[in-house]
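The lines below spell out each chain.
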Amino acid sequence: MGEPTGAIYGVINMMRKINQDYQADYVACIFDAKGKTFRDDLYPDYKGHRPPMPDDLALQIEPIHKAISAMGWPVIAKPGVEADDIIATLAEIATQNDVNTIISTGDKDIAQLVNGHVSIVNTMTNETLDVEGVKSKFGVLPEQIIDYLMLIGDSVDNVPGVPKVGPKTAVKWLNEYGSLDNLVENADKIKGVVGNNLRENIPNFALTRQLITIKRDCEIDDFFSDMSDLARKPQDPETLREIFDHFGFRTWLRELTGDAQAVPQQDARVAHDIPETPETVDYVTVDTPELLEDCLKQIQAASLVALDTETTSLDPMMASLVGTSMSIHPGQGWYIPLAHKGNMLAQQLDKTMVLEKLRPWLEDDSAAKVLQNAKYDTHVFANEGIKLKGIQDDTMLMAYVLESHRSVGMQDLAQRYLGRKGVDYTDLCGKGARQIGFDEVDIEKASFYACEDTDFTLQLAGLMHPLVVAEEGLDRIYRLEMWVSEVLAKIERNGVKINEKALQQQSHEIGQKLVELENKAYELAGQPFNLNSPKQLAEILFERMQLPVIRKTPKGAPSTDEEVLTKLAQDYPLPATLLEYRGLAKLKSTYTDKLPKMINPRTGRVHTNYAQAAVITGRLASSDPNLQNIPVRTEEGRKVRTAFVPEKGGVIMSADYSQIELRVMAHVSDDASLQLAFAQGKDIHRATASEVFGVPLEEVSAEQRRAAKAINFGLIYGMGAFGLASNLGITRDAAQSYIDRYFERYPGVATYMNLTRAKANEQGYVETVFGRRLWLPEIKGAKGPRKAAAERAAINAPMQGTAADLIKMAMVAVQEWIEKEGLKTMIIMQVHDELVLEVPQDEVDLVKSRLPELMCGVAELKVPLVAEVGMGPNWEQAH
DNA sequence: TTACCTGGCTCG
DNA sequence: GTACGAGCCAGGTAAT
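Residues numbered from 1 in each chain as written. Chains lettered and ligands numbered in written order. Predicted model: local features only at pLDDT ≥ 70, side-chain atom pairs only at ≥ 80, totals over all residues. Heavy atoms only, no water.

Some words on the sheet that holds strand 13 (residues 321–327)
Part 1 of the argument: Strand order across the open sheet formed by six strands is 11-14-13-12-15-16, with mixed pairing between neighbours. A single partner strand is all that each edge strand has here, and the edge strands are strand 11 (282–285) and strand 16 (391–394). Within this sheet the neighbouring strands show an average axis-to-axis angle of 25 degrees, counted without direction. (Pairing = 2+ DSSP bridges. Helix = DSSP H or I, 4+ residues; strand = E, 2+ residues; numbered from the N terminus. Axes fitted to C-alpha atoms, helices over the stretch in contact; angles between N-to-C directions.)

Structural notes on helix 30 (residues 684–693)
Part 1 of the argument: Most of helix 30 is tucked away: eight of the ten residues are buried.
Part 2 of the argument: Buried within helix 30 we find I684, H685, A687, T688, A689, S690, V692 and F693.
Part 3 of the argument: Buried residues in helix 30 make contact with helix 28 (660–669), helix 29 (672–679), helix 31 (702–716) and helix 33 (732–745).
Part 4 of the argument: The opening residue of helix 30, the one whose side-chain oxygen lies 3.1 Å from the backbone nitrogen of H685, is D683. (Buried < 20%, exposed > 50% of the residue type's maximum accessible area, 1.4 Å probe, protein only. Contact = heavy atoms within 4.5 Å. Polar contact = N/O pair within 3.5 Å; in protein donor to acceptor, adjacent residues only side chain to side chain.)

Let's talk about the confidence of the model for chain A
Part 1 of the argument: Per-residue pLDDT for chain A has a mean of 77; in total, 68% of the residues score no lower than 70.
Part 2 of the argument: Throughout residues 97–128 the model reports pLDDT below 50, and contacts reaching past four residues in sequence, or to other chains, amount to 114 contacts.
Part 3 of the argument: Predicted confidence is poor over residues 138–174, with pLDDT under 50, and the contacts of this stretch with residues over four places away or in other chains come to 120 contacts. (pLDDT = per-residue confidence, 0-100.)

Remarks on the UniProt feature "domain: DNA-directed DNA polymerase family A palm" (unreviewed entry) in chain A
Part 1 of the argument: Mapped onto the present numbering, the UniProt feature "domain: DNA-directed DNA polymerase family A palm" (unreviewed entry) falls at residues 637–843.
Part 2 of the argument: Along residues 637–843 one finds 60% helix and 14% strand; the C-alpha atoms at either end are 30 Å apart. (UniProt positions renumbered as here; feature names shortened; annotations may be inferred.)

With respect to the protein's contact with DNA strand B
Part 1 of the argument: Taken together, 28 residues surround DNA strand B, and among them T553, T560, V632, R633 and D833 come closest.
Part 2 of the argument: Sugar and phosphate atoms form 81% of the subset of DNA strand B atoms that lie within 4 Å of the protein.
Part 3 of the argument: Contact distances for DNA strand B include 2.8 Å between a base oxygen and a side-chain N or O atom of N629.
Part 4 of the argument: Q800 places a polar side-chain atom, nitrogen or oxygen, 3.4 Å from a base nitrogen of DNA strand B.
Part 5 of the argument: Ranked by residue count, the leading element in the surface near DNA strand B is helix 25 (residues 574–592), at three residues. (Near = heavy atom within 4 Å.)

Shown next, in the form of structure tokens:
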């Protein structure tokens, strides 16, 4: 099915404009389909670089064709044309029909406005045809067919705030909306235009999106500026909705997608009624003492209040409160501006005064509040010396528990659950380098935005909460996530002490080594080049030095990654040098240089951010800085860990679950042999080797154990013989026989994998032991490699997800215990299966004995959980 | 100059 | 095409 986004966008605009201002007589619908008809004789440089024409080209054309037909206009749809053909076709239409206006689609390559006069440019051949040129080539003067050229699509392309959409976003859209129909239902959300490169990446997007209108009897400047204006305002949702309805787009597309509709939803999602959009809203800016009193009185009396903060920074530890908003009814909201800059200061109540008035309510555990990502606001209030309490619900976490694979951003939730499109943060503050702080935003605009946020939050909570509690498993996971959110806020705030000097010293040493390696590389290469550039490196290795190309990247460039360099290093000296350089450069730029810069000047510690709703399996993700990927596998890398230190008089303690995912596999697969091995406390890889290779436990060789370990890990990831073979450097047949033997010895595992695959295919999701639901949108519908990938994810998800559930429960248990005992011990990091704590000396014995008990006692699986504890003067030595 | 993408590398 | 899940960095390039 043709991808309508960009094209529809252009068509809508075109139709609106035509309908309103320009009475078109004729619409030419001409598609630049490339592919088979591409004229190699004309464009030799492009030979071989063109994708084949998609088989369903006609289908792709149909949407636009029908759209235009629906207007009652005649249409010429003609695929497989190039610049010259388009011009010729236009000429044909113009001469054969007595027309005033022609609307055409085409490619921007073919036309260009030059000095208010039309010329025709073919950017592929660089051939420019002026008036005479057109005449001689086509036998008709351009004035006869055109007065003005306008590229609607192109204008939209270049409008600030309307992003150009690349293949990733386009695919994301398709996945997100599931079907063309859905996409259209959400048309007012579509912002952007499909870019040229889509054609090469996704055949379905081959539909060209530019629309050229050709207009007679109109001042060219006016027309151009009108069109530009139009293109700049396409995101107005109401207007778009109107246009859609007016032209019957929904009906039209439903007809078109009749087949698609018959296919069941790919990611069946929770059903709910989208509420009516309210006619008006009651949003109040609280800027007088009277209004403040009124607001206070009402929030104190309310049973549930949606709360939100506006701040100066996305970094929660650095953010300063600019304003706060509350809602107690749908369509209603208060915004209390507190720190908007400049001449807006006079329009605000005193920040300190307001916060003191709010404090009792904010800190009241019995005053129920609902927030979107409460962890952030907890930090913001903490920065102002306020302990936010009474967090009853978190809409972000509800959304995450319901559908962890989809966006949990406020805007997306509002769209999905409320059918509303709110003001986007970037609409207010811009983005990137030109982004302004929220304290620079007009109070009036800020107020609407902030009130809308809490308004949405309250409504979302009302809609999502019943969906969550309706399912026992989801409810349990949601309550866990609420606890985890609170614990994470504490861990983030605790931060971790970094030995800045040690890292600087390491940076210095690495820097010197890098210079040496660089010079050595230049010598071996016979010329200087940028060692950090894969592109330049590929030129040196594969062109200049003529080394064999081992593998290519997805884009077709010769790969220079570790695997390739390692192989080349067997025969040549340069790759080995590069490998060493790469490792050290990564170490320096990402860790030894970066971490000291991340130290918070106020606390003197590094505060990571744990994203609780980012990973589809339920894991956490750490960022800014990411403390979950600090090096450990190499000697030099581990040095970085020695810089993670306790305050004076304390130690670093680390506790990690042993073989957590394999234990989960033993549990869920119910495989007797695997469970027995764990029950007997065996070295699991050795036990596996013994089974697979048929040797007694004590006779397992190091090589056999290594292979067994690879098998064990591979199985967790849903690996096949190909993967295992390349991992172990053995033949595919040998790898297959290992796998076969494994499944013979552990038949429960084989059964479990087949069942999981079947279950995922049938219901579209899999579950963890504790009821976390993990959707696999691509398991239905998709085919070939994509479906296979979804099936592998389905195998892995219950194991990774259950492990995530377990450590989350452990975090809550440990933090509760610490608080109950009134200890000074702090959890400072979580690394998926490991908890890192900073423990004062006098609490060491207590924590060391209790920590593993707590971690292993969070759940009773069919195999024992084991946690290994270590401690030391730094993280490295705590293992 | 900025914003996005690619290739590569770090972790569990 | 080929093993799951993440985040971050430097270089390269397209758009401004």
